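The chain contents come next:
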Amino acid sequence: MPIKQDCILDYAQTAGRRQYTRLIREHLAQKYDAPPLALVHSFGCQQNAADGEKLRGMLAEMGYGFTDSLEEADLIVYNTCAVRENAEKRVLGTVGALKHYKRQKPELLIALVGCMTQQQSIAERIKKSYPQVDIVAGADAWANLPERLYGALCLGRRSIKAADEEPDTIVENIPTRRTGWPKAWVTVMYGCNNFCSYCIVPYVRGRERSRRPEDILREVEELVGEGYRDITLLGQNVNSYDGGIRFPELLRQINDIPGDFRIRFMTSHPKDCTRELLDAMADCEKVSKHLHLPVQSGSDRILMEMNRRYTTEKYLELVAYAKEKMPELALTSDIIVGFPGETREDFEKTLELVRKVGYTALYTFLYSRRGGTKAETLPDPVPPEEKSRWFRELLEVQGKIGEDYMERQVGKTLRVLVEGPGKGEGMMTSRTDQFLIVEFPGGPELAGQFVEVEITSAKNWALMGRLAENF
Ligand code: SF4
């Protein structure tokens, strides 16, 4: 269902937000000789990293500069992640240690935003046990952040609130300070309706809502005009995008934007990955021939327990169709090892599927229990040491497949986008269409350009090469 017009807010046009931004700016100019410094740190996924760029944009507009140093910071913003319980513990540990900084610098402001703080229980815990925190705002609190920061900064008012007062909205035109040139993220949809049994995202990010295609197209056009060359469309479940047109059509319309750039997208759910989408990928020359399609397990029984709503047969059919349409396609995936109730037999089915598909890379996770999810309640008899052994076995199998794939690239000439300085002296780093890293000797003037590189050798993490003759 396309989002209703009245659920779309325009950050730039809202008087309240303009007014608080101006008041904060004036306050900071009076109080500080030079712009005060904010430290913004995002935990977790690309969506959070993209949100972190918006936080920076909003703070820059209010008059903040930026630092990575805790000692220098006048404002610390942690953009938190709820996906893993360990990540939550890490954030709370880090915030605990900030007590010391606050004692040394009482005017220091500390704000926690993002998925983790969307949970009522966490907000209450912070309110009670972490008095050094001034602001807690959930994942969609963009609209009210200036007002709440104004309250903390100018009125000394603590503001700890979990869920946003305006849930399930989309806020457009938030100023954004991007940090990844020549790559940029563009969020096309928010939330998730899938309720995979191990995942907390639908509880903290709300229901799916898609941006209007015209807003997305305008943003991509602007980015391309500013020299961005690698645009990643983001969504928790990106191929269920429905902004009045569906995702394959959105890809086609973005592909028609003039300019030399690449389009990537993530994360895809196999149940929403249609032949129509694969056809659009194949037809659109700017759409990268790389598909991240998380399978999670090779056992149908475990997929059912995970509430993934596809079978391995359906998944392999999609993979076969995708490879037929795009022989150069690189496939990557996420796999969870040790889901509650997984047996050795189930795990072996995962190994078999991994061998069949031939992924270029895998993002593997040992199952980690997540409070508030359905999987939390399932019996989990396999000891952690056994799960760790399976995990290492999977890494070994994938390591060999990945190595062979990298070796097969040696001798080819590949078109790459140069991203910036590489690992060694005089080296530049770049990415192929298939998302492989290529390092080669070159100068900084090449950053942001597409060039051709002859691949001379392969390491497990990158290909090494030299600029092709015509460059
Ligand atoms: S698709 Fe599943 S794993 Fe992905 S965010 Fe939604 S519930 Fe979580």
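Keep in mind the model is a prediction, meaning the values are calculated, not measured.

Asks: Looking at this structure, I do not really get the packing of helix 8 (residues 247-255) against helix 9 (residues 275-283). What am I missing?
Replies: For any two helices packed against each other, the geometry comes down to the angle between their axes and how far apart the axes lie. Between helix 8 and helix 9, the shortest axis-to-axis distance is 8 Å and the interhelical angle comes to 10 degrees. In this view, helix 8 runs roughly parallel relative to helix 9, as classed from their interaxial angle. Contact residues: helix 8 offers F247, P248, L251 and R252, while helix 9 offers E276, L277, D279, A280, M281 and D283. In terms of residue class, the contact of helix 8 with helix 9 is made up of 6 nonpolar, no polar and 4 charged.

Asks: What should I look at first to understand the domain arrangement of the chain in this one?
Replies: Size of an interface, as often reported, equals the accessible area lost when the parts are brought together. The assigned domain composition of the chain is domain 1 (5-160), domain 2 (175-407) and domain 3 (410-467). Computed from C-alpha coordinates alone, the two centres of domain 1 and domain 3 are separated by 37 Å.

Asks: Looking at this structure, I do not really get the environment of G93. What am I missing?
Replies: Tracing the chain through its elements places G93 in helix 3 (residues 85-104). Here the alpha-carbon distance between G93 and P248, two residues 155 residues apart in the chain, equals 43 Å.

Asks: What exactly am I supposed to notice about helix 4 (residues 120-129) here?
Replies: Turning to helix 4, its buried residues number three or more, namely I122, A123 and I126. Across the axial projection of helix 4, the buried residues extend over an arc of 100 degrees, all falling on one side. With respect to the buried face of helix 4, the exposed residues turned more than 90 degrees away are S121, K127 and K128. Residues of helix 4 that are buried make contact with helix 3, strand 5 (109-114), strand 6 (135-137) and strand 7 (159-160).

Asks: How do you make sense of the nonpolar core when you look at a structure like this?
Replies: The nonpolar side chains of soluble globular proteins are, as a tendency, buried together. Grouped together as the largest cluster of nonpolar side chains are 68 residues, with contacts concentrated most on L233, I254 and F265. Beyond its immediate chain neighbours, meaning those up to four positions away, F265 contacts T232, L233, V238, F247, L251, L277, M281, V287 and L291.

Asks: Explanation requested: unusual backbone geometry in the structure shown.
Replies: Only a minority of non-glycine residues have a phi that is not negative, and only a minority of peptide bonds are not trans. In this structure, P182 follows W181 across a cis peptide bond, with omega equal to 5 degrees. With respect to the secondary-structure elements, P182 resides in the loop between strand 8 (170-172) and strand 9 (183-187). The peptide bond linking M266 to T267 adopts the cis configuration, its omega dihedral lying at 5 degrees. Within the fold, T267 resides in the loop between strand 13 (262-266) and helix 9. Positive phi, close to 60 degrees, is recorded for N173, a residue that is not glycine.

Asks: Help me out: how do you make sense of helix 2 (residues 46-62) in this one?
Replies: Residues lying three or four places apart along an α-helix face the same way, a consequence of the helix completing one turn every 3.6 residues. Relative to the 24 Å expected for 17 residues at 1.5 Å per residue, helix 2 spans 25 Å between its end C-alpha atoms, a close match to the ideal helical length. Of all 17 residues making up helix 2, 14 are buried, and the element is well covered by its neighbours. G63 lies just past helix 2 and shows a positive phi near 110 degrees.

Asks: Honestly, the pattern of salt bridges in this entry has me stumped. Any pointers?
Replies: Where charged atoms from two side chains of opposite charge come close, those side chains can pair. For the structure on display, the rule yields 28 salt bridges. The salt bridge involving K325 is made with D279; its shortest N-O contact spans 3.5 Å. Taken together, the residues K325 in helix 11 (residues 312-325) and D279 in helix 9 connect sequence positions 46 residues apart. When its relative accessible area of 34% is taken as the criterion, K325 is described as partly exposed. If you follow the salt bridges from partner to partner, you end up with E172, R178, R211 and E219 in one network.

Asks: Sorry if this is basic, but what is going on with the packing of aromatic side chains here?
Replies: A ring pair, where both rings are aromatic, is described by two values, the distance of the centres and the angle of the planes. The final tally for this structure, using the stated rule, is 8 aromatic pairs. Consider the rings of F247 and F265, whose centres lie 5.1 Å apart with planes at 70 degrees: the pair is edge-to-face. With a gap of 18 residues between them, F247 in helix 8 and F265 in strand 13 connect regions that are remote in the sequence. Across the pair, exposure class does not vary: F247 and F265 are buried alike. For the ring pair F339 and Y367, a centre distance of 5.5 Å and an interplane angle of 75 degrees mean the geometry is edge-to-face.

Cut-offs used in this document
- Residues numbered from 1 in each chain as written.
- Predicted model: local features only at pLDDT ≥ 70, side-chain atom pairs only at ≥ 80, totals over all residues.
- Heavy atoms only, no water.
- Axes fitted to C-alpha atoms, helices over the stretch in contact; angles between N-to-C directions.
- Helix = DSSP H or I, 4+ residues; strand = E, 2+ residues; numbered from the N terminus.
- Parallel < 35°, antiparallel > 145°, perpendicular 65-115°, else oblique.
- Contact = heavy atoms within 4.5 Å.
- Nonpolar A, V, L, I, M, F, W, Y, C, P; charged D, E, K, R; others polar.
- Domains from an automatic or database assignment.
- Buried < 20%, exposed > 50% of the residue type's maximum accessible area, 1.4 Å probe, protein only.
- Arc of directions from axis to C-beta.
- Core = buried A, V, L, I, M, F, W, Y, C linked by side-chain atoms within 4.5 Å.
- Expected span 1.5 Å × (residues − 1).
- Salt bridge = Lys/Arg side-chain N within 4 Å of Asp/Glu carboxyl O.
- Phe/Tyr/Trp six-rings, centres within 6.5 Å; stacked < 30°, edge-to-face > 60°.

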